[in-house]
Amino acid sequence: MNTKSLLNKLGKRFPKKYAKMNHDFVGLMTGKLPEEIRKIVLCLDCDWEIFDKIKEEKPDLVLTHHPLVYGLRSRVFKRDPSKKELCDALNAINVPVYSMHTNFDTGLGGMNDALAEALHLKNVKVIEDNIMMRGGELESSMSAEEFAKMANKAFGVQYSLLINKGKKEIKNVAIIGGGGSGNWPIAKNNGYDIYVSGDAPHHIRRDIVNAKYNYLDMPHEIEKIFMPTMKKLIHELDESIEIVVINHEVEPTVIK
């Protein structure tokens, strides 16, 4: 498929303006785009851990969720010389990297819709106060602990961190994948019984406790749902494109 056509069609669904709203860095990270796309590697992050695999696969494009270069290149490379080395190594094998981050999180059918679907939420809607957030209803009410266990299974992770200080029965759920913990007041003010996100620092956890609210902190790795979701979207555009999924990220080991 023509590269420009593919990226334009994905861009209409997940426009870069959504990323600009979040001061995000998306699009071409390194390399030069080819005229045609026949093979794509999908991964959450492009890093040294999978460089040899990318070199072996020889894709026309590596499509990631998290930006390979987050910020001005000169500043990123000065702070992290290994990142420059990785970009140089990718350029040397003529493999461009393209990233779709908060634009994919926000757009319809992207990250947060996929996460809501994995939880089997009904009547899912975009929350106007934060268009990245999705809210929906469980088929039946359950306790916060029951919900946490269900979410772990739905997202394929070994643990989550539950703050169980709000309503005893969970029915209405709001979610933002990744590091959206600071948006919990929006979920609470919109009447949701629990908010699901990740990367909550101590002060945010204390604010949630003092607000007597429910919050489920999930590992950032639940965003691995990016790969099957994007694979499906690309194949809806062109089934002939070969997709190689590299799912190399797992949550840290819990030591008890």
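See the structure shown above.
Reading the values: rules and limits
- Residues numbered from 1 in each chain as written.
- Predicted model: local features only at pLDDT ≥ 70, side-chain atom pairs only at ≥ 80, totals over all residues.
- Heavy atoms only, no water.
- Pairing = 2+ DSSP bridges.
- Helix = DSSP H or I, 4+ residues; strand = E, 2+ residues; numbered from the N terminus.
- Axes fitted to C-alpha atoms, helices over the stretch in contact; angles between N-to-C directions.
- Contact = heavy atoms within 4.5 Å.
- Phe/Tyr/Trp six-rings, centres within 6.5 Å; stacked < 30°, edge-to-face > 60°.
- Buried < 20%, exposed > 50% of the residue type's maximum accessible area, 1.4 Å probe, protein only.
- Salt bridge = Lys/Arg side-chain N within 4 Å of Asp/Glu carboxyl O.
- Disulfide = S-S within 2.5 Å.
- Core = buried A, V, L, I, M, F, W, Y, C linked by side-chain atoms within 4.5 Å.

## Considering the sheet that holds strand β2 (residues 39–43)
Backbone hydrogen bonds are what pair the strands of a sheet, in a parallel or an antiparallel way.
Item 1. A sheet is described by the order of its strands in space; here five strands give the open sequence β1-β4-β3-β2-β11, paired in mixed fashion. Each edge of the sheet is formed by a strand with only one pairing partner; in this case those strands are β1 (27–30) and β11 (242–246). Averaged over all pairs of adjacent strands, the angle between their axes in this sheet comes to 30°, without regard to strand direction.
Item 2. Bridge count between β2 and β11: five bridges; the pairing is parallel. For Leu42, the partnering residue across the bridge sits in β11 and is Val245.
Item 3. Its contacts with the sheet put helix α11 (residues 226–237) on β2, β3 (61–64) and β11, and the angle it makes with β2 is roughly 155°.

## Remarks on the packing of aromatic side chains
Item 1. Under the definition given, this model contains six aromatic pairs.
Item 2. For the pair Trp184 and Tyr213, a centre-to-centre distance of 6.2 Å together with 35° between the ring planes defines the contact as tilted. Of the two residues, Trp184 is situated in helix α9 (residues 184–189) and Tyr213 in the loop between α10 (202–210) and β10 (214–217); the sequence distance between them amounts to 29 residues.
Item 3. Overall, Trp184 belongs to the buried group, its relative accessible area being 12%.
Item 4. The class for Tyr213 is buried, based on a relative accessible area of 4%.
Item 5. Pairwise contacts between aromatic rings join Phe14, Phe104 and Phe226 into one cluster.

## Some points on helix α7 (residues 111–118)
Item 1. Among the eight residues of α7, seven are classified as buried, and the element is accordingly described as predominantly covered.
Item 2. Of the positions making up α7, those classed as buried are Met111, Asn112, Asp113, Ala114, Leu115, Ala116 and Ala118.
Item 3. Directly beyond the C-terminal end of α7, a positive phi value near 60° is found at His120.

## Some points on the pattern of salt bridges
Item 1. Counted according to the given criterion, the structure contains seven salt bridges.
Item 2. With a closest N to O distance of 2.8 Å, Lys39 and Glu57 form a salt bridge. One end of the pair, Lys39, is in strand β2; the other, Glu57, is in helix α3 (residues 51–57), with 18 residues separating them in the sequence.
Item 3. Where Lys53 meets Glu57, a salt bridge forms, and the shortest distance between an N and an O atom there is 3.1 Å. With Lys53 and Glu57 both in helix α3, this residue pair falls four residues apart, about one helical turn.
Item 4. Judged by relative accessible area, which is 33%, Lys53 ranks as partly exposed.
Item 5. Among the charged side chains, a network of salt bridges with common partners joins Lys39, Lys53, Glu57 and Glu242.

## What to know about the state of the cysteines
Item 1. On inspection of all chains with the given rule, the structure shows zero disulfides.
Item 2. This cysteine, Cys46, is not joined by any disulfide, and Cys43 carries the nearest cysteine sulfur, 5.3 Å off.
Item 3. Residue Cys87 stays outside any disulfide, its sulfur separated by 8.0 Å from that of Cys46, the closest cysteine.

## With respect to the sheet that holds strand β7 (residues 161–164)
Item 1. As summarised here, the arrangement of the six strands in space is β5-β6-β8-β9-β10-β7, forming an open sheet in which the pairing is mixed. The open sheet terminates on both sides in strands that have one partner only, identified here as β5 (122–127) and β7. The mean angle between the axes of side-by-side strands here comes to 20°, regardless of whether they run parallel or antiparallel.
Item 2. Where strand β8 (residues 169–175) lies against strand β9 (residues 194–197), three bridges are found, and the strand directions are parallel. Bridging from a neighbouring strand, Ile175 pairs with Val196 of β9.
Item 3. Lying on the sheet, helix α8 (residues 144–155) is in contact with β6 (130–143), β7, β8, β9 and β10; it crosses β6 at an angle near 120°.

## Points about the nonpolar core
Item 1. The biggest cluster of nonpolar side chains holds 45 residues, and the ones touching the most others in it are Ile40, Leu63, Phe147, Phe155, Val173, Met230 and Ile234.
Item 2. Setting aside anything within four residues of it in sequence, one finds Ile234 in contact with Leu10, Ile40, Leu42, Leu63, Ile241 and Ile243.
Item 3. Ranked by size, the runner-up nonpolar core spans 20 residues in total, among them Val62, Val69, Leu86 and Ile246.

In short, shape yes, function no, at least from these values alone.
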